[in-house]
Amino acid sequence: MPACKTLEFSSPSLSYGSANVSVQILPRDSNRAPRISWNVGGRPLYRTDQVKLFESLHFDVCRTTIYNDCGLDVGLDGMHAGRDGMHAGRKYAALATPEHLAPVFLLWPDVSFDVNVEGVDAGRAAIGADGRDVNGDAANPVPEIPLMDGSALPFFLALRREAGVPRELSFYDAPVSRQWNLRNAPDQPSYGYVRIEPAETFEVEYRLDRPDANGFESCAALSVYGPEDLYGVFQARTFILEKEYEQAREAGLLAGATESCGLLVKSPVDKSLYRVPEEPAMHKILDLLGDLSFACPALPKIRVEILNGGHASHHQILKEVLPYLLKVE
């Protein structure tokens, strides 16, 4: 049997001066379905060939997507071995910022990968400004995927060299028609919306409109039929408005992030610094792709229109299409 190929990635992350992840490309096995196995500090977190277990993961968001299994132990057979309830000291597996790496696996749906994220203890977390992670937790730091340059491009280029030519993408039918407004609280005014309808492939129009941030705007659209449609969006870097970055640093957050890890948007906006047209909105599309494909490297056949969305609204979209993904699995 051919040996596994292992790729190593290291860079600052949102919270830490150094974060590490390895990706093993596994040999083909005709007796097993392709899957991505997400592991943290040597502990299994989730496998995409066990989509039925996805809803067992606890989802949270704090500037990024955070998953943990809340003490749910997944054995080699993919079944739950039990719940120890020992939250103190991270007795459970937890992971933040998978959304830049997850969409790259869309290009090789017939290949199995083992993702191994290096664990972080409280001592290492002190690399940050005050030892806190994206969740503001100093005692139980959440491991994070390295940011690299803030895009999916470094992951894609490395995997392209070793995994070979991208394959035909995988899609599934999801006849969802829904829309809802986005609010910070039920009694608060709407700041955005999400609309979903069935489509022949995956399509998205993403718009950012921030009158509270000197009128910052960005709008991008994407229709995905094949691998080539994803190359541009993989280049879009994570971004943050300069004022919000300063506020986050003053609060002791984003201790690992530097300007090399993404795009710092200053006012007035200088679009000549964008790597791709409408880079902020394009990166939001990348985040959406990552949040949807973490569950399984396949895309729903839907058209999504989003105004001022984020990881929480992306997760809600995933919950809407998940029943149809389960039917496929």
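Below is a summary of the structure that appears in this document. A quick note: this is a predicted structure, and the numbers were derived from the prediction, not measured. Counting starts from 1 at the beginning of each chain's written sequence and moves along it residue by residue. Only residues with pLDDT of at least 70 get local features here, since the model is predicted, and only at 80 or more are side-chain atom pairs given and counted; chain-wide, interface and lining totals rely on the full set of residues. No hydrogens and no water enter the side-chain calculation; it runs on all heavy atoms of the structure.

1. A few points about the pairing of strand β10 (residues 113–117)
1) Next: With four of five residues buried, β10 is to be regarded as a mostly interior element.
2) Next: In this analysis, strands are considered paired if DSSP registers two or more bridges between them. Secondary structure elements follow DSSP: runs of H or I of four or more residues count as helices, runs of E of two or more count as strands, with numbering from the N terminus. Direction of pairing for strand β2 (residues 19–25) relative to β10: antiparallel, over a ladder of five bridges. Of the residues in β10, the one forming a bridge with S22 is N116.
3) Next: Here five bridges tie strand β3 (residues 36–40) to β10, and the two strands are oriented parallel to one another. Its bridge partner lying in β10, I36 is registered against F113. Each residue is assigned to one of three classes by its accessible area relative to the maximum for its type, calculated with a 1.4 Å probe on protein chains only: buried under 20%, partly exposed between the two thresholds, exposed over 50%.

2. Some points on the environment of A93
1) Next: With respect to the helices, strands and loops of the structure, A93 is situated in the loop between β8 (80–83) and β9 (94–96).
2) Next: Between the C-alpha atom of A93 and that of P44, which follows or precedes it by 49 residues, the distance is 7.1 Å.
3) Next: Throughout, a residue-residue contact means that at least one pair of heavy atoms, one from each residue, lies within 4.5 Å. With residues near it in sequence (within four places) discarded, A93 still touches V40, R43, P44, L45, Y67, N68 and D69.

3. Observations regarding the pairing of strand β13 (residues 192–198)
Looking down a regular strand, the side chains alternate between one sheet face and the other.
1) Next: The pairing of strand β12 (residues 178–182) with β13 spans five bridges and is antiparallel. By the bridge assignment for β13, W180 is matched with V194.
2) Next: One ladder, built from six bridges, connects β13 with strand β18 (residues 299–307); its direction is antiparallel. Note that in β18 the partner of V194 across the bridge is I306.

4. Let's talk about the sheet that holds strand β4 (residues 43–47)
Each strand in a sheet pairs with another by means of backbone hydrogen bonds, the pair being arranged parallel or else antiparallel.
1) Next: With mixed pairing, the five strands of this open sheet are ordered in space as β1-β2-β10-β3-β4. Single-partner strands in this sheet number two, and they are β1 (5–11) and β4. This sheet shows a mean twist of 20 degrees between the axes of neighbouring strands, independent of strand direction.
2) Next: Contacting β1, β2 and β10, helix α2 (residues 153–163) crosses the sheet at an angle of about 165 degrees to β1. Working convention: axes come from line fits to C-alpha atoms, limited for helices to the stretch in contact. Angles between N-to-C directions cover 0 to 180 degrees.

5. What about the side chain of H314?
1) Next: On the secondary structure map, H314 appears in helix α6 (residues 311–328).
2) Next: Two N or O atoms count as a polar contact when they lie within 3.5 Å, although within protein this holds only if one can serve as hydrogen donor and the other as acceptor, and sequence-adjacent residues are included solely when both atoms are side-chain atoms. Polar contacts involving the side chain of H314 include one to the side chain of Y206, which spans 2.8 Å.
3) Next: If sequence neighbours within four positions are ignored, H314 has contacts with Y206, K284, D287, L288, D291, L292 and I306.

6. Remarks on the sheet that holds strand β6 (residues 65–68)
1) Next: Strand order in this open sheet of three strands is β5-β6-β9, and the pairing throughout is antiparallel. Only two strands of the sheet have a single partner each, and these edge strands are β5 (58–61) and β9. Across the sheet, the axes of successive neighbouring strands diverge by a mean angle of 20 degrees, strand direction being ignored.
2) Next: In the packing of α6 onto the sheet, contacts are made with β5 and β6, and the angle to β5 comes to roughly 150 degrees.

7. Focus: the nonpolar core
1) Next: W38, F202, F294 and I317 are the most contacted members of the largest nonpolar core, which totals 83 residues.
2) Next: When residues of this core are assigned to their parent elements, the largest contribution, seven residues, is made by helix α5 (residues 279–293).
3) Next: The contact partners of I317, leaving out residues within four places of it in the chain, are W180, V194, I196, L288, L292, I302, V304 and I306.
4) Next: Throughout this description, the term nonpolar core refers to a set of buried Ala, Val, Leu, Ile, Met, Phe, Trp, Tyr and Cys residues connected via side-chain atoms within 4.5 Å. With nine residues, the next largest nonpolar core counts L14, Y245, L254 and A257 among its residues.

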